[in-house]
Structure formats: structure tokens, C-alpha cells
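A look at the structure
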Amino acid sequence: QVQLVESGGGLVQPGGSLRLSCAASGFTFSSYVMSWYRQAPGKERELVARIGSAGGSTNYADAVKGRFTISRDNAKSTVYLQMNSLKPEDTAVYYCNIWWGRDYWGQGTQVTVSS
């Protein structure tokens, strides 16, 4: 079965950096688009970044362009989200996602940006 396990979240000061990881299993990782979403308290879940199966195609939400970078290592079945210049409004639970007939989600990892 599909499993997505996120890690790397935590508490960071404004302007700081974090790198999230999502280890995937249960499907042919290298064949699928992978995405990162986030959900802040009281808000709907929103797309943060998406990467094509080979890693050559990426797109980002306007709010994170120029600060976040999505990447993947198909040999390790892992997708990453490098987050730089973090702002308090980036505080959210971050989720890894694949669409394979339906949406699959990990358990999420909490990112808190606060001084």
C-alpha cells in the first residue's frame, strides 16, 4: 500500500531554513508527480510545490516562489522541500501528496516559524 512519511519539521526563527523530506513506498515512485501541500490553522489545505516524475518540471505557489525549492531523488524514493527565508505565515502542517486514482497523504510534519 502507498505510504508517505514526512520528516524535518520544527520550530525556526523568521528568516531561517528547514528541509523537509518525504519517504515514499508502495508504488513506482519514479513514475509519479509528487507534491507538497500545507494547512495552517483555520485555513484550507493549499498546494505549495509540485515536481514532475523525472524532476525536470517544477511549479510553486506564488507565496513561496524564490524561497522554497522542491526536489526528488528517485533512487531513494524521496521528495524534498528546501524552505529558506521562512516567514511566520509559513507556519503550517506540511503534507506530502501523490495522486494515484485518488489523493494519498502522509501524516504531516509541523513547521512553526516564530521568534
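Scroll up a little and you will see the structure.
Residues numbered from 1 in each chain as written. Predicted model: local features only at pLDDT ≥ 70, side-chain atom pairs only at ≥ 80, totals over all residues. Heavy atoms only, no water.

1. Considering the side chain of Arg72
The condition that has to hold: Counting from the N terminus, the helices are DSSP H or I runs at least four residues long and the strands are E runs at least two residues long. Nitrogen and oxygen atoms within 3.5 Å of one another constitute a polar contact, given that in protein one can donate a hydrogen and the other can accept it, and given that sequence-neighbouring residues count only through two side-chain atoms. Every residue pair with non-hydrogen atoms within 4.5 Å of one another is taken to be in contact.
Residue placement: Arg72 occurs in strand S7 (residues 68–73). Polar contacts involving the side chain of Arg72 include one to the main-chain carbonyl oxygen of Phe29, which spans 2.8 Å. Of note is the side chain of Arg72, whose polar atom sits 3.4 Å from the backbone oxygen of Ser53. Discounting residues that sit within four places of it in the chain, Arg72 has contacts with Phe29, Ser30, Tyr32, Val33, Met34, Ile51, Gly52, Ser53, Gly55, Thr78, Val79 and Tyr80.

2. Quick word on the environment of Pro88
Note on placement: Pro88 falls in the loop between strand S8 (78–83) and strand S9 (92–99). Along the primary structure Pro88 and Gly26 are separated by 62 residues, whereas in three dimensions their C-alpha atoms are 35 Å apart. Among residues more than four places away in sequence, those in contact with Pro88 are Pro14 and Val113.

3. Let's talk about the environment of Tyr104
Among the secondary structure elements, Tyr104 is positioned in strand S10 (residues 103–105). Along the primary structure Tyr104 and Val2 are separated by 102 residues, whereas in three dimensions their C-alpha atoms are 7.3 Å apart. Contact partners of Tyr104, with chain neighbours within four places excluded, come to Val2, Leu4, Cys96, Asn97 and Ile98.

4. Focus: the pattern of salt bridges
What counts is decided by this rule: Any Lys or Arg side-chain nitrogen located within 4 Å of an Asp or Glu carboxyl oxygen qualifies as a salt bridge.
Applying the stated rule across the entire model yields 4 salt bridges. Look at the salt bridges and you will find they share partners, linking Arg38, Glu46, Arg67 and Asp90 into a network.

5. A word on the pairing of strand S11 (residues 109–113)
The line we're drawing: Relative accessibility thresholds used throughout: buried, under 20% of the residue-type maximum; exposed, over 50%; partly exposed, between the two (1.4 Å probe, protein chains only). Two strands form a pair only when DSSP identifies at least two bridges running between them.
Of the two faces of S11, the one lined by Thr109, Val111 and Val113 is fully buried and the one lined by Gln110 and Thr112 carries no buried residue. Bridge count for strand S2 (residues 10–12) against S11 is 3 bridges, and the pairing is parallel. Along S11, the bridge assignment pairs Leu11 with Thr112. With 3 bridges connecting them, S9 and S11 associate as antiparallel partners. When the sheet's bridge partners are listed, Val93 is paired in S11 with Gln110.

From the geometry alone we can't say anything about function, so treat these as descriptive.
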